[in-house]
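# Topology and contacts: notes
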Amino acid sequence: MEKIVYACFSTDIIHEGHLNIIREAKKLGRVIAGVMSDAAMISYYRFPTKTFSERREMIATIEGVSETVVQEEVSYSKVIEKIRPDFVIHGDRWNTGPWYNIRKELIDLLETYGGKLVEVPYTISQEAIKSDRRIIAKLMMPEFRRKRLRQLLNLVMPVSSTPFLPVIKAMEVHSGLTGLIVEKTIVEKDNRFYQFDAMWISSLCDSLNKGKPDIELVDMTSRFRTIEDIMEVTTKPIIMDGDTGGLIEHFVYNVRTMERLGISAVIVEDKMGLKRNSLLGNEVEQTQAPIQDFCKKINAAKNVLLTDDFMIIARIESLILEKGLNDALIRAFAYVEAGADAIMIHSRKKVPDEIFAFCDAFRLQNKITPLVAVPTTFNEVTEDELAAHGVNIVIYANQLTRIAFPAMQHVVENILMSHRAKEIDSELMPIKEVLTLIDEF
Ligand code: SPV
Ligand code: MG
């Protein structure tokens, strides 16, 4: 009986290395090619530039491929259990780092029924490396990046199937370097890979990193400058904290700029007057905008958009200002009616009860408008718990800045105390690593 050979692909372009794998596979038997699902590909690698059907079609037409199947997860287990191939074929560069466990799990599973893993030398030409770099560069372009948040939302809340991803996870960044850390950090746990899906440009952290208070003092030109630095070196979609949006006449101009730059969404909060950080709550004077005024702001912003990609997210401050759940819900429905593409509900309680109550009540009437939560104070809550209450985007709003401040202060104090830099050195990144941290083009 003809042997079955399985190989999985998660690529947007076919290069010599892939063709080599298929050629080698063909020598062993009938080739079934797995096509990694979008969700799995996003979890360990990057956002595909082609749709899943385009990728599948591309693989299916390679000479030597008899059949294609979807590989839903990075782990091979489910697909192998199903097709029980005699051989699985893979490039030989995956037995270190995060892939180690995935490979081991596969070998163990194959062993249970006499299957074999065949590893062929990994080959990639200079030409293919160049094409890959071009794809990554493309992902930075506004027309690709801008729509990415909506594309992710389609995976989190698909119209007619179960979600492919539980939530979109966004992390605070405030510079090229923090952007790069969030862009490149991938971890493996229990044979699954995790990385952030999006980046949040916090007004609090952007201001703090410029040594300024979070009172809409840092002007938009400067905020955009921060974002440009991040955009230069990353591909992930950007959600911008737009504070109150200021005057409607100014907000519409700024929204146009955000859209043109390739930002995916702005979150605008329903406060007016001198903006103070929400987590200060009623310790300071903060005024919520009348519903009608804020609806006008949302509506004006929606009217100037030139694409269907960019999202206006309305942020409700009722719970922050202790106006109650009912006020928050009335506002949420009014803002959706005025055109808001998503709702952010904020809270400064230590437990997520009021967030859950809001989301549950909102979801009884509205199943399609995305909900955004920022679990800074109620940080015991998990992404899955938030998702179970209908939250679709979780923003970690300030953690990179909050770790940087004490770390930097610690170094300053240590050198002052020691009158030299030796004592702190073992805690620092080695100079050699600093020098090679950033790839040259
Ligand atoms: C920010 O990060 O700037 C925010 C979230 O707006 S919060 O600080 O919680 O108000
Ligand atoms: Mg803010």
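Residues numbered from 1 in each chain as written. Chains lettered and ligands numbered in written order. Predicted model: local features only at pLDDT ≥ 70, side-chain atom pairs only at ≥ 80, totals over all residues. Heavy atoms only, no water.

The protein atoms donating to the magnesium ion (ligand 2) are S203 (OG) and D241 (OD), with metal-donor distances spanning 2.0 to 2.2 Å. Of this pair, S203 sits in helix α10 (residues 203-208) while D241 sits in strand β10 (residues 238-241), and the two are 38 residues apart along the sequence. You'll find S203 and D241 in the same group, each marked buried. (Donors = N, O, S within 2.8 Å, 3.2 Å for Na, K, Ca; no water. Helix = DSSP H or I, 4+ residues; strand = E, 2+ residues; numbered from the N terminus. Buried < 20%, exposed > 50% of the residue type's maximum accessible area, 1.4 Å probe, protein only.)

A separate point is the nonpolar core. Counting 55 residues, the largest nonpolar core has V255, I263, I312, Y335, I343 and F358 as the members making the most contacts within it. A total of 6 residues in this core trace back to one element, the largest contributor, which is helix α13 (residues 291-304). If we skip the residues at most four places from it in the chain, F358 touches I316, L325, A328, L329, A332, I343, I345 and L371. Ranked by size, the runner-up nonpolar core spans 26 residues in total, among them L153, V156, I267 and M344. (Core = buried A, V, L, I, M, F, W, Y, C linked by side-chain atoms within 4.5 Å. Contact = heavy atoms within 4.5 Å.)

A word on the environment of R134. By the secondary structure assignment, R134 is in helix α6 (residues 126-140). Relative accessible area serves as the criterion here: at 65%, R134 is assigned to the exposed category. R134 sits 108 residues away from K26 along the chain, and the two C-alpha atoms are 30 Å apart.

The 5 strands lie next to each other as β3-β2-β1-β4-β5, forming an open sheet whose pairing is parallel. A single partner strand is all that each edge strand has here, and the edge strands are β3 (65-71) and β5 (116-120). On average, adjacent strands in this sheet sit at an angle of 30° to one another, irrespective of strand direction. Pairing of strand β2 (residues 30-36) with β3 involves 6 bridges; the strand directions are parallel. Looking at β3, one finds that V35 is bridged to V70. (Pairing = 2+ DSSP bridges. Axes fitted to C-alpha atoms, helices over the stretch in contact; angles between N-to-C directions.)

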